[in-house]
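Architecture and fold: a report
Chain by chain, the residues run as shown.
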Amino acid sequence: MDVLVTGATGFVGQRLVPSLLDAGHDVSVLVRDRAGYDAPDGVTVFEGDVLEPAGLDDALAGVDAAYYLIHAMGGGHGFEERDRRGAHNFANAAERAGVDRVVYLSGLGVDSDDLSAHLRSRQEVEAVLGQGSYDLTVLRAAIIVGEGSASFRIVRQLSSRLPVMTTPRWVSTRVQPIAVADVIAYLVGLLDAPETAGDTFEIGGPEVLTYKEMLGTVGKILTGREPIIVPVPVLTPRLSAYWVDLVTDVPAGVAYPLIDGMATDVVVTDDRIRSLVPVELTPFETAVERAIEEAESTA
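All of these numbers come straight from a predicted model, not from anything done at the bench.

It is possible for side chains of opposite charge to pair when their charged atoms get near one another. In total, this model carries eight salt bridges according to the counting rule given. Here Arg15 and Glu294 are joined by a salt bridge, their closest N and O atoms 2.8 Å apart. Of this pair, Arg15 sits in helix H1 (residues 13-22) while Glu294 sits in helix H11 (residues 284-298), and the two are 279 residues apart along the sequence. Where Arg84 meets Glu124, a salt bridge forms, and the shortest distance between an N and an O atom there is 2.6 Å. Note that Arg84 is positioned in helix H3 (residues 79-97) and Glu124 in helix H4 (residues 117-129), a separation of 40 residues in sequence. Three or more residues joined by partner-sharing salt bridges are found here, namely Asp199, Asp270 and Arg272.

A word on the packing of H1 against helix H6 (residues 180-189). With their axes 10 Å apart at the nearest point, H1 and H6 run at an angle of 50 degrees to one another. Of the possible angle classes, the one that applies to H1 and H6 is oblique. With respect to the hand of their crossing, H1 and H6 are arranged in right-handed fashion. Residue-level inspection shows Arg15, Leu16, Ser19 and Leu20 of H1 in contact with H6, the latter providing Val180, Ile184, Leu187 and Val188. Per-class residue counts for the contact of H1 with H6 are six nonpolar, one polar and one charged.

Calculation notes
Residues numbered from 1 in each chain as written. Predicted model: local features only at pLDDT ≥ 70, side-chain atom pairs only at ≥ 80, totals over all residues. Heavy atoms only, no water. Salt bridge = Lys/Arg side-chain N within 4 Å of Asp/Glu carboxyl O. Helix = DSSP H or I, 4+ residues; strand = E, 2+ residues; numbered from the N terminus. Axes fitted to C-alpha atoms, helices over the stretch in contact; angles between N-to-C directions. Parallel < 35°, antiparallel > 145°, perpendicular 65-115°, else oblique. Left-handed = near helix turned anticlockwise from the far one by under 90°. Contact = heavy atoms within 4.5 Å. Nonpolar A, V, L, I, M, F, W, Y, C, P; charged D, E, K, R; others polar.

As structure tokens, this is what we get:
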């Protein structure tokens, strides 16, 4: 199958490309800077930006399936408008090219007025991409555990740098983290599962944890002890964002929207994909250990 990956330089994209090659697909990528991308052997590289329609037609020509892994949150304020515009441009170009399938990795969260700006934008992109004539497959995930994940980086640095921490009420929020290797397995496997075309699925790891439990587990793995966590109900997500900014090196433009979303439970309520794309799920502790090993090997 001829497959295009956008966001190939990102946390998920850089892992997806070699996995698609290993699965026997013909892979091309769309990157903003061709010179800055070290393409694996056999990958065709197109230079372009979804915010600028020029160049998208060439990248999508002859493509059977395209992965849309672009999120504008790293660009700071106004990411919602950029996400919307990029999705419109890509959807129009994919439709012109006659692409059969588009795959989008979105955020896990129940549709409601309480969604953070980050999750609302993810679901708005789902809606925009869904207007195309191709079959759209959406995978919704919560925290993805792996080296390079911004949300996991927040958890890792908080748990290792603060032996005692006062925390906002989001430490009691329930979340279903998933190992990045399992996300890649789902993304690759769904191409061989035609039943997944044109549908939305939720993916998560084998455990549902609170953020407090996650911080404790990660802290123990990193330092040999669990941090002492004292919840402070009056510490709102917005105030805690400034606190996270002081303790971690995650850019504020990324950290603030993620923290806003931590007040809402993100747990899989529909696991239909488990029967369509069988994946042996990685335990949270194992996923954390692998992420730490990867970080240390590339340091």
